[in-house]
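# Fold and contact review
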Amino acid sequence: MNRLLRSIMLLLIILGLLAGCTQVPWAALNPTPVPPSPVPPSPMATLQPSPEPTSTPRPTATPLPSPTFEPLPPTPTLAPVGAASRLQIFERTWELVRDNYVYEDYRGVDWDEVRRSFTPRVAAAEEPEAFYALMRELIDLLDDDHSRFESPQEVAAQQAEFRGELRYGGIGAQIRTLDEGGLITGTAPDGPAERAGIQLNDLIVAVNGIPFTNTDAFGPDGPIGTVRGEPGTPVTLTIRTSNEAPREVIVIRETVAMDAFNQVRGRFLPDLPVGVVTIPSFYVDELDTKVRIAIEELQAAQPLAGLIIDVRENAGGYVHLMRNTVALFHDGGSIGSTAGRTTSEEQRIPQGKTIPGLEDVPVAILIGSGSASATEMFAAGMQVLGRARIVGEPSAGNTENLYGYNFDDGSRLLLAQVAYRLPDGTLIEERGVIPDRLVEVDWWRYPPDDDPQLRAAVEELGFGLRPASTSP
């Protein structure tokens, strides 16, 4: 069973979760009936292009320990789906959308015509890969960045990620695609990239000698797909650190745990009693407990006079985990409601879960275009409850909640059935959460402690700061 699960994990990664890896959004997930989430494409950041190096440095291998590589097993073949089962799954999916989809006009799609045109295609899709691709195409017609149809392999991989069991072969680094290369936005602790000397804010300008920006040369998986690979194999990266000359680094790929990048992290700002807690996703088992532990560890280290919560890269997750996280800061109350054509629910915050000693600690929340779905509900809820100041840029404005429907073959429909409203009835769909203090800047270009949005949040909490550095 473990071998099969790891096989399933690999396929989803190849399909584009991450490896090097770009950030991907998660949806707001309603725990009833069965929810995980779609993976819409992440926004592309842009910087001014920099000159290409005039010469190519000679590769130099970085001394590394000799780990024991855990090989990734081959991807299993999907089980066949008979014609009767295919048509049954298709019909049920079509009916669920017809009866429950949050938008009664199906976002301009003629849903009856879709049924007529897809029925013969479903009957002809004898290979399981072709059938599941067709079902994905069906739901993608809705174009809402949330609803999705998942194959049995994708469902298993999503569940493995939620449990923190997903693995991939790569260098253990998060990469944001920019106009001039791949920006390192995070590294796995003691992972191959970190051991090779690759640092936060380094720029990958070439992979195996091919310019990172020459996307056509890398094939359908792009340069990040080339950074990925079988554990134990090398990849040559041309790295530029700040204004230094580019250097070439040979990194040996390893098996990396996906949750290396999905951890709640807490730290104090230098010389200030202000803590920063980063919540990368609400799609993590026992997420609220992990946030509680991070804050209590800060409290145990020294008095906490202010708290900043960073959810700028958090694209959502489970709604109940979001509500439980709000409950750490505010005892009870309502943050609005979610409603659709067939269902409505007030979003009430649980009582009796607040963290002792946090009652009078001021809170600021950092948001941006990467904050989506359940994360937007979190920020908006903390804002309307008067529990936090919101700093940064407007959030994604994508707040539909999903309901999940499982099929006998192991596949699943995730359907947007409700949308979030503030307590006064205002929809934030497309508009997003509006910060109390707007700071429009490419914050990821700066050293962490000189991040202009972070510094603005500190000021909102009533603290001064040393002068910032003059350049990112």
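Residues numbered from 1 in each chain as written. Predicted model: local features only at pLDDT ≥ 70, side-chain atom pairs only at ≥ 80, totals over all residues. Heavy atoms only, no water.

In the annotation of an unreviewed UniProt entry, the chain is listed under the name PDZ domain-containing protein and assigned to Candidatus Chloroploca mongolica.

So, about helix α11 (residues 452-460). Three or more residues of α11 are buried, namely Gln453, Leu454, Arg455, Ala456, Ala457 and Val458. As for α11, its buried residues are in contact with β12 (265-268), β13 (274-278), β14 (306-310), β18 (363-367), β19 (389-392) and β22 (437-438). If you check the start of α11, you find a side-chain oxygen 2.9 Å away from the backbone N of Gln453, and it comes from Asp451. Positive phi appears at Gly462, one or two residues downstream of α11, with a value of about 95 degrees. (Buried < 20%, exposed > 50% of the residue type's maximum accessible area, 1.4 Å probe, protein only. Helix = DSSP H or I, 4+ residues; strand = E, 2+ residues; numbered from the N terminus. Contact = heavy atoms within 4.5 Å. Polar contact = N/O pair within 3.5 Å; in protein donor to acceptor, adjacent residues only side chain to side chain.)

Let us now look at the confidence of the model for the chain. Averaged over every residue, the pLDDT of the chain is 83; residues scoring 70 or more account for 81%. Counting contacts from residues 1-27, a segment whose pLDDT is below 50, to residues more than four positions away or on other chains yields 103 contacts. Below a pLDDT of 50 lies the segment residues 31-68, which in the model reaches 97 contacts outside its immediate sequence neighbourhood of four places, other chains included. (pLDDT = per-residue confidence, 0-100.)

Our next topic: the packing of helix α3 (residues 111-124) against helix α4 (residues 128-140). α4 packs onto α3 with a crossing angle of 170 degrees between their chain directions and a minimal axis gap of 11 Å. Regarding the angle of α3 to α4, the classification is roughly antiparallel. In contact with Trp111, Val114, Phe118, Arg121 and Val122 of α3, α4 contributes Phe131, Leu134, Glu137 and Leu138. Among the residues forming the contact of α3 with α4, the class breakdown is seven nonpolar, no polar and two charged. (Axes fitted to C-alpha atoms, helices over the stretch in contact; angles between N-to-C directions. Parallel < 35°, antiparallel > 145°, perpendicular 65-115°, else oblique. Nonpolar A, V, L, I, M, F, W, Y, C, P; charged D, E, K, R; others polar.)

As a further point, take the packing of aromatic side chains. Per the stated rule, a full pass over the model turns up eight aromatic pairs. With centroids separated by 5.9 Å and ring planes inclined at 15 degrees, the aromatic side chains of Tyr106 and Trp111 adopt a geometry described as stacked. Overall, the relative accessible area of 13% leaves Tyr106 in the buried class. For Trp111, a relative accessible area of 3% gives the class buried. Aromatic ring contacts, followed pair by pair, group Tyr101, Tyr103, Tyr106 and Trp111 into a single cluster. Here the guanidinium or amino end of Arg115 rests over the ring plane of Trp94, the centre of that ring lying 4.4 Å away. Here Arg121 stacks its cationic end above the ring of Phe118, 4.9 Å away from the centre of that ring. (Phe/Tyr/Trp six-rings, centres within 6.5 Å; stacked < 30°, edge-to-face > 60°. Lys NZ or Arg CZ within 6 Å of the ring centre and 35° of its normal.)

Moving on: the sheet that holds β19. Strand-to-strand pairing in sheets goes through backbone hydrogen bonds, with the strands running parallel or antiparallel. One open sheet holds the six strands; their spatial order is β12-β13-β14-β18-β19-β22, and the pairing between them is mixed. Both outer strands of the open sheet, β12 and β22, are each paired with one neighbouring strand and no more. In this structure, β19 lies alongside β22, joined through two bridges in parallel fashion. Paired with Gly392 across the two strands is Leu438, which belongs to β22. Where helix α10 (residues 374-384) meets the sheet, it contacts β14, β18 and β19, and its direction lies at approximately 145 degrees from that of β18. (Pairing = 2+ DSSP bridges.)

What follows is about the pairing of strand β6 (residues 181-187). Most of β6 is tucked away: six of the seven residues are buried. Alignment of strand β5 (residues 173-178) against β6, held across six bridges, turns out to be antiparallel. Opposite Ile175, over in β6, you have Ile184 as the bridge partner. Here β5 hands over to β6 after two residues, the two strands then running antiparallel side by side. Sheet analysis places β6 next to strand β7 (residues 203-207), joined by two bridges and oriented antiparallel.

Mapped onto the elements of the fold, Asp202 is located in the loop between α6 (192-195) and β7. In this structure the side chain of Asp202 is engaged in a polar contact, spanning 2.8 Å, whose partner is the backbone nitrogen of Gln199. At a separation of 2.7 Å, a polar atom in the side chain of Asp202 contacts the side chain of Thr241. Setting aside its immediate chain neighbours within four residues, Asp202 contacts Gly182, Leu183, Ile184, Gly197, Ile239, Arg240, Thr241 and Arg247.

This part covers the nonpolar core. Membership of the largest hydrophobic core comes to 46 residues, with the highest contact counts inside it found for Ile295, Leu307, Ile309, Met322, Phe329, Ile365 and Phe378. Breaking this core down by element, the ones donating at least two residues are α8 (287-301), β14, α9 (319-326), β18 and α10. Here this core gets six residues from one element, more than from any other, and that element is α10. Ignoring any residue separated from it by four or fewer positions in sequence, one finds Ile365 in contact with Ile309, Val311, Phe378, Ala379, Met382, Ala388, Arg389, Ile390 and Val391. Counting 34 residues, the second-largest nonpolar core is a separate cluster that includes Val81, Trp94, Tyr132 and Tyr405. (Core = buried A, V, L, I, M, F, W, Y, C linked by side-chain atoms within 4.5 Å.)

Here we come to unusual backbone geometry. Here the phi dihedral of Arg107 falls at roughly 55 degrees; this positive angle occurs in a residue that is not glycine. Mapped onto the elements, Arg107 comes out in the loop between α2 (83-100) and α3. Overall, Arg107 belongs to the partly exposed group, its relative accessible area being 38%. Notably, Glu286 is not glycine yet its phi reads approximately 60 degrees, a positive angle. Of note, Glu286 is situated in the loop between β13 and α8. We classify Glu286 as partly exposed; its relative accessible area is 47%.

Once that is clear, we can look at the pairing of β5. Along any regular strand, the residues point their side chains to alternate faces of the sheet. Within β5, six of the six residues are buried, which leaves the element mostly enclosed by the surrounding structure. The alternating pattern of β5 places Ala173, Ile175 and Thr177 and Gln174, Arg176 and Leu178 on opposite faces, both of which are buried.

Looking at where Thr278 falls in the secondary structure, it is placed in strand β13. If near-sequence neighbours (up to four positions away) are discounted, Thr278 is found in contact with Gln263, Val264, Arg265 and Asp310.

Before going further, it helps to spend a moment on α10. In terms of burial, α10 is a largely internal element, nine of the eleven residues being buried. Along α10, the positions that sit buried rather than exposed are Ala374, Thr375, Glu376, Met377, Phe378, Ala379, Ala380, Gly381 and Met382. A positive phi of about 75 degrees marks Gly386, the residue just after α10.

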